[in-house]
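# Secondary and tertiary structure notes
Spelled out, the chains give:
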Amino acid sequence: MERRIRNNRASSDQWDAATEFVITGEGPPVVVLNNPLGMGEFEPHLDTITRINAGILERRVTSAMQAWRQRALTGGLPQKDAEGNDIDWASVFEPAPGALWDIPAGIELWESDATDIRPLLEGVKDDLRELSEMSATPFPALLPGSQNQSATGSAAMKEALILKARDRLDVVDTGLSAIISKALRIEGFETEETISLSWEPPDHVSLSEKYDAAVKAKGAGESWKSIARNILGYSPEQIEQDALDLADEQLMSFVDNANARV
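Every chain is numbered on its own, with residues counted from 1 as its sequence reads. Whole-chain, interface and lining totals are the exception, using all residues; otherwise, since this is a predicted model, local features are given only for residues with pLDDT of at least 70 and side-chain atom pairs are given and counted only at 80 or more. To get the side-chain values, take all heavy atoms of the structure and skip hydrogens and water.

Per the convention used, a helix needs a DSSP run of H or I reaching at least four residues, while a strand needs a run of E reaching at least two, with both numbered from the N terminus. What the protein contains, in helices and strands, is eight helices and two strands. Sequence-ordered secondary structure for the protein, helices as α and strands as β, is α-β-α-β-α-α-α-α-α-α. Each residue's exposure class comes from its accessible area (1.4 Å probe, protein chains only) as a fraction of the maximum for that residue type: buried when under 20%, exposed when over 50%, partly exposed otherwise. Expressed as a percentage of its 262 residues, the buried residues of the protein come to 18%. Taking the contacts inside the protein whose residues are at least 6 apart along the sequence as the reference set, 56% of them involve residues at least 24 apart. The accessible surface values rely on the Shrake-Rupley method and a 1.4 Å probe; as for residues, cover is taken only from the protein chains in view. Accessible surface computed for the protein: about 19,400 Å², of which carbon and sulfur atoms make up 55%. Throughout, a residue-residue contact means that at least one pair of heavy atoms, one from each residue, lies within 4.5 Å.

Next comes the structure, spelled out in structure tokens:
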């Protein structure tokens, strides 16, 4: 499959037909979306993800192994009983919930300390921070409950995420436009017009900010349709319906004024 960097394509143009039946005469109506660099979303970060998974595995193994602490007896135990039989100390000191051991005088029991797994946890968090920065993914999305990110760092991460979303919209826009065109041809509609799609901006803007910008744009002489499309984010259907609603309001206002004069 051919992949081109920063040049979005609708397909690879290398389809091999399995049969002689062709729907549109130009190959299967399938669209391939090529990500930037021709790689999957997290493919450039597989080394970091592998390191994170390895750290999680090591922590789980360490925690599981510590459920059975190493124990030792110091002082020397007799190997035979009073009758000269071998003593199986492993069965005598078999660990079990609620078990009591009768240890001979002078024998001390030693037990290993638990390994501190906090450095392992911190190591995984550091790897997640690196993955967050490299993939332009907000850190709280990778580590829920994280509250230690500064306001400046959070704003920078949000900006990076918005830029990545815009970049992915360019890829998806090309593919969806192509598949809609193919679908129209399958249904028998031939058109030479370019298909354009409308997307909601990836960055969140409040209604008050939108209308404030709309007022300023109107004062600068921009048309209402341009304001509705580019600032308020109206779809073509919404703009058309708004024009009809405005015409209805003007007609009703005219009728009311005429009735008032009568």
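Moving on, we get to the pattern of salt bridges. A side chain of one charge can pair with a side chain of the opposite charge if their charged atoms are brought near each other. Salt bridge criterion: a side-chain nitrogen from Lys or Arg within 4 Å of a carboxyl oxygen from Asp or Glu. This model, assessed by the stated rule, comprises nine salt bridges. Between glutamate 41 and lysine 164 there is a salt bridge whose closest N-O contact spans 3.7 Å. Highlighted residues: glutamate 41 in the segment before helix H1 (46-65) and lysine 164 in helix H5 (residues 151-186), separated in sequence by 123 residues. The partner of aspartate 167 in a salt bridge is arginine 168, with the nearest N and O atoms 2.8 Å apart. Residue classification places arginine 168 among the partly exposed residues on the basis of a relative accessible area of 22%. Shared partners join several salt bridges into a network, and the residues in it are Glu41, Lys164, Asp167 and Arg168.

What follows deals with the packing of aromatic side chains. Between 30 and 60 degrees the pair is tilted, below 30 it is stacked and above 60 it is edge-to-face, where a pair is any two Phe, Tyr or Trp rings, Trp via its six-membered ring, whose centres lie within 6.5 Å. Tallied over the entire structure, the rule returns one aromatic pair. Ring plane angle 85 degrees and centroid distance 6.2 Å describe the contact between tryptophan 224 and tyrosine 234, whose orientation is recorded as edge-to-face. Highlighted residues: tryptophan 224 in helix H7 (residues 224-230) and tyrosine 234 in the loop between H7 and helix H8 (236-261), separated in sequence by ten residues. Looking at tyrosine 234, the relative accessible area reads 24%, which means it is partly exposed.

With respect to the helices, strands and loops of the structure, alanine 178 is situated in helix H5. In sequence terms alanine 178 and isoleucine 195 are 17 residues apart; their C-alpha atoms lie 8.1 Å from each other.

Moving on, we come to the confidence of the model for the protein. The predictor's confidence in any single residue is recorded as pLDDT, a number from 0 to 100. Confidence in the prediction for the protein averages 77 pLDDT; 84% of positions are at 70 or higher. In the predicted structure, residues 1-11 sits below a pLDDT of 50 and forms 28 contacts with residues beyond four places in sequence or in another chain.

We now examine the side chain of serine 177. Mapping serine 177 onto the fold places it in helix H5. Looking at serine 177, its side chain comes within polar contact range of the main-chain oxygen of aspartate 173, at 2.8 Å. At a separation of 3.4 Å, a polar atom in the side chain of serine 177 contacts the main-chain carbonyl oxygen of isoleucine 195. Those residues in contact with serine 177 that lie beyond four places of it in its chain are Ile195 and Leu197. In protein, a polar contact requires one atom able to donate a hydrogen and another able to accept it; more generally it is a pair of N or O atoms within 3.5 Å, and residues adjacent in sequence count only if both atoms are side-chain atoms.

Turning next to the packing of H1 against helix H3 (residues 118-135). The geometry of H1 relative to H3 is characterised by a closest axis approach of 9 Å and an angle of 165 degrees between their N-to-C directions. By the angle between their axes, H1 is roughly antiparallel relative to H3. In the crossing of H1 with H3, the sense of the turn from one axis to the other is left-handed. Of the residues in H3, those touching H1 at Thr48, Ile49, Arg51, Ile52, Gly55, Ile56, Glu58, Arg59 and Thr62 are Leu120, Leu121, Val124, Asp127, Leu128, Glu130, Leu131 and Met134. Following the grouping adopted for this structure description, the nonpolar residues are Ala, Val, Leu, Ile, Met, Phe, Trp, Tyr, Cys and Pro, the charged ones are Asp, Glu, Lys and Arg, and the polar ones are all others, Gly among them. Here the residues of the contact of H1 with H3 are counted per class, giving nine nonpolar, three polar and five charged. Axis geometry follows a simple rule: fit a line to the C-alpha atoms, using only the stretch in contact for helices, then measure angles between N-to-C directions, giving values from 0 to 180 degrees. For this classification, under 35 degrees means roughly parallel, over 145 means roughly antiparallel, 65 to 115 means roughly perpendicular, and everything else is oblique. Take the far helix as the reference: if the near one is turned anticlockwise from it by less than a right angle, the crossing is left-handed, and if turned clockwise, right-handed.

What we call a nonpolar core is a set of buried Ala, Val, Leu, Ile, Met, Phe, Trp, Tyr and Cys residues that are connected through their side-chain atoms within 4.5 Å. Core analysis: the largest hydrophobic core is formed by five residues, namely Ile52, Val124, Leu128, Leu131 and Phe139. At three residues, the largest contribution of residues to this core is made by H3.

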